[in-house]
Amino acid sequence: MNKSELLDVMRREVGMSYDRAVDRDDFLVRIMDAIHLLTGERATVSAYEYDTYGNNQLFYQRTSRRGQKTPLHFEGWTGLSEAGHIMCMKRNDCLNVMIPVMKDDRIHVRLTISIETADYEVTIEDFIFCEELIYFIQSKRSRLP
């Protein structure tokens, strides 16, 4: 499957996560599970929630078959993500994409996807997908209990 097909399948599966979700938390878990499964379980996916003071905690994580773990701190890179920027960085032969979901001009949730560089190459299509994912989560999550 080429990248365009993969991202189209991800769009469909992520879209169905809203239809199947019972609440806001279940919605995020279903999105993260869809991404994890569609990468052939090669990606580690994490979701961090932020409180009104900017403190975050790990909300959900699925690790890859290879057992890689997502580093909890990316030093200054996390700060840029918390300001609303999609971040992609390579660290230890692993691509780490941080996707901030904002609410009222502050970070509400940060999704992190980590996959080995040998398994995936990030292109502009991935950034477009990330932006679509942010808008989808922002618009749909507020409608759930």
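The structure we're discussing is the one just above.
Residues numbered from 1 in each chain as written. Predicted model: local features only at pLDDT ≥ 70, side-chain atom pairs only at ≥ 80, totals over all residues. Heavy atoms only, no water.

(A) Spatial organisation of the packing of helix α2 (residues 24-38) against helix α4 (residues 124-141). Orientation of α2 relative to α4, taken along the N-to-C sense of each, is 155°, at an axis distance of 11 Å. Between α2 and α4, the crossing angle belongs to the class labelled roughly antiparallel. Relative to α4, α2 is oriented so that their crossing is right-handed. Listed contacts from α4 to Arg 24, Asp 25, Phe 27, Leu 28, Ile 31 and Ile 35 of α2 are Leu 133, Phe 136, Ile 137, Lys 140 and Arg 141. Here the contact of α2 with α4 is composed, by residue class, of seven nonpolar, no polar and four charged. (Axes fitted to C-alpha atoms, helices over the stretch in contact; angles between N-to-C directions. Helix = DSSP H or I, 4+ residues; strand = E, 2+ residues; numbered from the N terminus. Parallel < 35°, antiparallel > 145°, perpendicular 65-115°, else oblique. Left-handed = near helix turned anticlockwise from the far one by under 90°. Contact = heavy atoms within 4.5 Å. Nonpolar A, V, L, I, M, F, W, Y, C, P; charged D, E, K, R; others polar.)

(B) Examining the environment of Lys 103 more closely. Tracing the backbone shows Lys 103 in strand β4 (residues 94-103). For Lys 103, a relative accessible area of 41% gives the class partly exposed. (Buried < 20%, exposed > 50% of the residue type's maximum accessible area, 1.4 Å probe, protein only.)

(C) Quick look at the nonpolar core. One finds Phe 27, Ile 31, Ile 35, Ile 99, Leu 111, Leu 133 and Ile 137 to be the most contacted residues of the largest nonpolar core, which totals 32 residues. Sorting the residues of this core by element identifies α1 (3-20), α2, β1 (44-50), β4, β5 (106-116) and α4 as the ones contributing at least two each. If sequence neighbours within four positions are ignored, Leu 111 has contacts with Leu 28, Met 32, Ser 46, Ala 47, Val 97, Met 98, Ile 99, Leu 133 and Ile 137. (Core = buried A, V, L, I, M, F, W, Y, C linked by side-chain atoms within 4.5 Å.)

(D) Structural view of the state of the cysteines. This structure, assessed with the given rule, holds zero disulfides. Among the cysteines around Cys 94, which has no disulfide bond, Cys 88 carries the closest sulfur, lying 10 Å off. The class for Cys 94 is buried, based on a relative accessible area of 11%. Here Cys 130 stays unpaired: no disulfide links it, and the sulfur of Cys 88, its closest cysteine neighbor, is 8.2 Å away. Taking relative accessible area as the criterion, Cys 130 reaches 6% and is therefore assigned buried. (Disulfide = S-S within 2.5 Å.)

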